[in-house]
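# Close look at the chain arrangement
Here is what each chain is made of, one letter per residue.
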Amino acid sequence: MTGAGPPPRLPSPLAEVDDERFARRGVRLLLKRDDLIHPDLVGNKWRKLAPNLAEARGRAIVTFGGAYSNHLRAAAAAGRLLGVPTIGVVRGDELADRPLNRSLRRCVADGMRLFFVDRSTYRSKREPEVLARVLDDAGAGGAYVVPEGGSNALAVRGCVELGRELRGRADVVAVACGTGGTLAGLAAGLDEGQRALGVAVLKGGFLSGEVEALQSDAFGGRRGAWEVTDRFHGGGYARVPAELDAFAQEFEERHGLPVERLYVAKMLHALTVLTEEGAFAPGATVAAVITGAPDAPEPSRSPSRSTSPAPPPQSSTSR
């Protein structure tokens, strides 16, 4: 990707942390800092968006997400950096008349035009006739479509390099999963003898099937050794129970690493619990992929729903 300010920091840094909860079980913990790849793209989204933006060849990009979607924010930032128009289809038409939350305000500030759809339509967005209607209603005919979470065959192949960067460095590599694209590519890039662990952040038990389908689209079949655990979603997407928040705060204090709550905290908590349960053999090395960072402090002024400069909304919501 060119013209996007500072170049991406690849390979992303890999650092060992000293944590007695792992050490007393004889397990080494490494942090793979994909959150440091690029200052303007959230977490590991660089790996997924770069090949899709290249494929778009300058066309407007339309993509999908919820009100707190990191993917929408990353797509909006990428569009701003490259001068590519972006349209975000947001789940929940009831949000259209409410003040924008911090995430959606950032999207608008980066030039993304938002289009809100009802939840039933959103669930059916993969159906060709529904997608065509949504694109037409959003004025996005002819745009390049990037799926929710950015996970498609191009994104999966873009994440293979993450696995290659970790070859020979860890026995198990864990990543938090929303749509499964990063896990699908990561597993394909690892060496024989390594395995990838996906920590689902949504309820439903559907993620293994999604990863299978993504690998089939990208590679023609299953690749690498991987599995998904559904034990640590904390009640579902955007749910952060008090115990999880307390765990994240303690991890921050131990290691000086700001912990993003919706994805990263759930993955780190999963690894800590699994280690204490003896899931990893003594002498094993576990790498945790840090895919994002917490939000920056709220700015004093924020844009409204319009893509043109305007006074900030009177109130805001945050979760």
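From a predicted model like this one, the values you see are computed outputs, not experimental measurements.

In terms of nonpolar packing, the biggest core is built from 34 residues, with Leu-29, Leu-31, Met-267, Leu-268, Leu-271 and Phe-280 touching the most fellow members. Listed by contribution, the elements that provide at least two residues to this core are strand E2 (28-32), strand E7 (172-177), strand E8 (195-200), helix H10 (242-255), helix H11 (264-276) and strand E10 (285-289). In terms of residue count, H11 provides more of this core than any other element does, 8 residues in total. Membership of the second largest hydrophobic core comes to 29 residues, among which are Ala-75, Ala-76, Val-90 and Leu-95.

Time to look at the pairing of strand E4 (residues 86-91). Burial runs high along E4: 5 of the 6 residues are buried. Relative to E4, strand E3 (residues 61-65) runs parallel, the two sharing 5 bridges. Bridging from a neighbouring strand, Val-62 pairs with Ile-87 of E4. Across 5 bridges, E4 lies against strand E5 (residues 113-117) in parallel orientation. Bridge pairing links Arg-91 to Val-117 in E5. Chirality of the crossover, the property in question, places the unit of E4, helix H4 (residues 102-109) and E5 among those that are right-handed.

With that out of the way, let us pick up the confidence of the model for the chain. Confidence along the chain averages 90 in pLDDT terms, with 91% of residues attaining 70 or more. Note that residues 298-319 has pLDDT below 50 and, in this model, 45 contacts with residues that lie over four places away or in other chains.

All chains considered together, the criterion is met by 3 aromatic pairs. With a centroid separation of 5.8 Å and 65° between ring planes, the pair formed by Tyr-237 and Tyr-263 is classed as edge-to-face. Residue Tyr-237 is located in the loop between strand E9 (226-229) and H10, and its partner Tyr-263 is located in the loop between H10 and H11; the two are separated by 26 residues in the primary sequence. Residue class for Tyr-263 comes out buried when judged on its relative accessible area of 18%.

Time to look at the sheet that holds E4. The 4 strands lie next to each other as E5-E4-E3-E6, forming an open sheet whose pairing is parallel. Two strands bound the open sheet, and with one partner strand each, they are E5 and strand E6 (144-145). Sheet analysis places E3 next to E6, joined by 2 bridges and oriented parallel. Bridge pairing in E6 places Val-62 opposite Val-145. Where helix H6 (residues 128-137) meets the sheet, it contacts E3, E4, E5 and E6, and its direction lies at approximately 135° from that of E5.

Attention shifts here to empty space enclosed by the protein. Enumeration according to the criterion identifies 1 cavity of 30 Å³ or more in this entry. The volume enclosed by the largest cavity comes to roughly 30 Å³. Lining the largest cavity we find Cys-177, Gly-178, Ala-200, Val-201, Leu-202, Lys-203, Gly-204, Gly-205, Phe-206, Leu-207 and Asp-230.

Once that is clear, we can look at helix H7 (residues 153-165). Listing the buried residues of H7 in full gives Ala-153, Ala-155, Val-156, Cys-159, Val-160, Leu-162, Gly-163 and Glu-165. Contacts from the buried residues of H7 go to E2, helix H2 (45-56), helix H8 (181-189), helix H9 (207-219) and E10.

Turning our eyes to something else, we now look at the environment of Glu-55. Along the polypeptide, Glu-55 turns up in helix H2. Since its relative accessible area comes to 31%, Glu-55 is described here as partly exposed. For the pair Glu-55 and Ala-78, spaced 23 residues apart in sequence, the C-alpha separation works out to 14 Å. Ignoring anything within four residues of it in the chain, the contact list for Glu-55 reads Tyr-144 and Leu-154.

The next point concerns the packing of H10 against H11. The contact between H10 and H11 brings their axes to 10 Å, and the two run at 85°. Here H10 lies roughly perpendicular to H11, going by the angle between them. Two secondary-structure elements touch here, H10 through Leu-244, Phe-247, Ala-248 and Phe-251 and H11 through Ala-265, Lys-266, Leu-268, His-269 and Thr-272. In the contact of H10 with H11, the residues fall into 6 nonpolar, 2 polar and 1 charged.

Right, let's get into the sheet that holds E2. The sheet built from 6 strands is open, its strands ordered E1-E2-E10-E7-E8-E9 with mixed pairing. The two strands at the open ends of the sheet, each matched to only one other strand, are strand E1 (14-17) and E9. Ignoring strand direction, the axes of neighbouring strands in this sheet form an average angle of 25°. Pairing of E2 with E10 involves 5 bridges; the strand directions are parallel. Looking at the pairing, Lys-32 lines up with Val-289 of E10.

Basis of the calculations
- Numbering of residues starts from 1 in each chain and follows the order in which that chain's sequence is written.
- Reporting in this predicted model follows two pLDDT cut-offs: at least 70 for local features of residues, and 80 or more for side-chain atom pairs to be given and counted; totals over whole chains, interfaces and linings ignore these cut-offs and use all residues.
- Neither water nor hydrogens contribute to the side-chain values; these are computed over all heavy atoms in the structure.
- Note on terminology: a nonpolar core comprises buried Ala, Val, Leu, Ile, Met, Phe, Trp, Tyr and Cys residues joined through side-chain atoms within 4.5 Å.
- Only protein chains enter the area calculation, which uses a 1.4 Å probe; residues under 20% of their type maximum are buried, those over 50% are exposed, and those in between are partly exposed.
- Labels follow the DSSP assignment, with helices taken as runs of H or I lasting at least four residues and strands as runs of E lasting at least two, numbered in each case from the N terminus.
- Here, a strand pair is defined by DSSP locating no fewer than two bridges between the strands.
- Handedness of a crossover is defined as follows: with both strands directed away from the viewer, a clockwise route from the first strand across the helix to the second makes it right-handed.
- Confidence scores here are pLDDT values: one per residue, from the predictor, ranging 0 to 100.
- Note on contacts: a residue pair qualifies if any of its non-hydrogen atoms lie within 4.5 Å across the two residues.
- What counts as a ring pair is set by centres within 6.5 Å for rings of Phe, Tyr and Trp (its six-membered ring), and what kind of pair is set by the plane angle: stacked under 30 degrees, edge-to-face over 60, tilted for all other angles.
- Throughout, an axis means a line fitted to C-alpha atoms (over the contacting stretch in the case of helices), and angles, computed between N-to-C directions, take values from 0 to 180 degrees.
- Put simply, the grid is 1 Å and covers the protein atoms alone, a cavity is a trapped set of points that fit a 1.4 Å probe, a pocket is an open set with protein on both sides within 12 Å along at least five of seven lines, and lining residues have an atom within 4 Å of a point.
- Grid points are joined across faces, edges and corners, and a volume is the space filled by probe spheres set on the points.
- Any angle from 65 to 115 degrees is called roughly perpendicular, while one under 35 is roughly parallel, one over 145 is roughly antiparallel, and all others are oblique.
- The classification used treats Ala, Val, Leu, Ile, Met, Phe, Trp, Tyr, Cys and Pro as nonpolar, Asp, Glu, Lys and Arg as charged, and all other residues, Gly among them, as polar.

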